[in-house]
Amino acid sequence: MSYARHDFEDRKLNRALRGLRPPRVDITIDRVHLVNQYQHPDRGYYTWDVVEEVQFG
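Here's a quick rundown of the structure. Please read all numbers here as calculations on a predicted model, not as lab measurements.

Parameters and conventions
- Residues numbered from 1 in each chain as written.
- Predicted model: local features only at pLDDT ≥ 70, side-chain atom pairs only at ≥ 80, totals over all residues.
- Heavy atoms only, no water.
- Helix = DSSP H or I, 4+ residues; strand = E, 2+ residues; numbered from the N terminus.
- Rg over C-alpha atoms; globule rule 2.2 N^0.38 Å.
- Buried < 20%, exposed > 50% of the residue type's maximum accessible area, 1.4 Å probe, protein only.
- Contact = heavy atoms within 4.5 Å.
- Areas by Shrake-Rupley, 256 points an atom, 1.4 Å probe, with all protein chains shown as cover.
- Lys, Arg positive; Asp, Glu negative; His and termini not counted.
- Charge placed at Lys NZ, Arg CZ, Asp CG, Glu CD.
- Patch = residues over 30% accessible without salt bridge, like charges linked within 9 Å, V, L, I, M, F, W, Y side chains within 5 Å.
- Salt bridge = Lys/Arg side-chain N within 4 Å of Asp/Glu carboxyl O.
- Pairing = 2+ DSSP bridges.

Some points on the overall build of the protein
Next up, step 1: Each helix and strand counted, the protein has one helix and two strands in total.
Next up, step 2: When the helices and strands of the protein are read in sequence order from the N terminus, they spell out α-β-β.
Next up, step 3: For the protein, whose C-alpha radius of gyration is 18 Å, the value lies well above the compact-globule estimate of 10 Å for 57 residues.
Next up, step 4: Projected onto the principal axes, the alpha-carbon positions of the protein cover approximately 45 × 35 × 20 Å.
Next up, step 5: By the burial criterion, 2% of the 57 residues in the protein qualify as buried.
Next up, step 6: Restricting the contact set of the protein to residue pairs at least 6 apart, pairs at least 24 apart contribute 18%.
Next up, step 7: Summed over all atoms, the accessible surface of the protein reaches about 6200 Å², with 51% contributed by carbon and sulfur.
Next up, step 8: The centroid of the 9 positive side-chain charges in the protein is displaced by 13 Å from the centroid of its 9 negative side-chain charges.

Brief notes about a positive patch on the surface
Next up, step 1: Judged by side-chain charge, Arg11, Arg15, Arg18, Arg21 and Arg24 come together as a positively charged surface patch.
Next up, step 2: Residue position: Arg18 is located in helix H1 (residues 11-20).

Brief notes about the pairing of strand E1 (residues 31-40)
Next up, step 1: In the sheet, E1 pairs with strand E2 (residues 45-55) via ten bridges, with the strands oriented antiparallel. Note that in E2 the partner of His40 across the bridge is Tyr45.
Next up, step 2: The loop that links E1 with its antiparallel partner E2 comprises four residues; one of these, Gly44, has a positive phi angle of about 85 degrees.

Quick word on the environment of Val35
Next up, step 1: By the secondary structure assignment, Val35 is in strand E1.
Next up, step 2: Assessed through its relative accessible area of 35%, Val35 is described here as partly exposed.
Next up, step 3: A C-alpha to C-alpha distance of 31 Å links Val35 and Arg18, two positions 17 residues apart in sequence.
Next up, step 4: When sequence neighbours within four positions are dropped, the list of residues in contact with Val35 reads Trp48, Asp49, Val50 and Val51.

Some points on the side chain of His40
Next up, step 1: Among the structural elements, His40 can be located in strand E1.
Next up, step 2: Aside from chain neighbours lying at most four places away, what touches His40 is Tyr45, Tyr46 and Thr47.

Structure follows, in structure tokens:
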């Protein structure tokens, strides 16, 4: 839906999507990764290599 090229009335769609949303949860992030991402149009997916990892806490 984010790639729509024309304006449209989205109120009904947004309400329907909010109804599908699961309950919110708390998470703990203990690390982040800096990645180099590659697109493979012929394969139909992305891959990535981890460049660096940063540990928290």
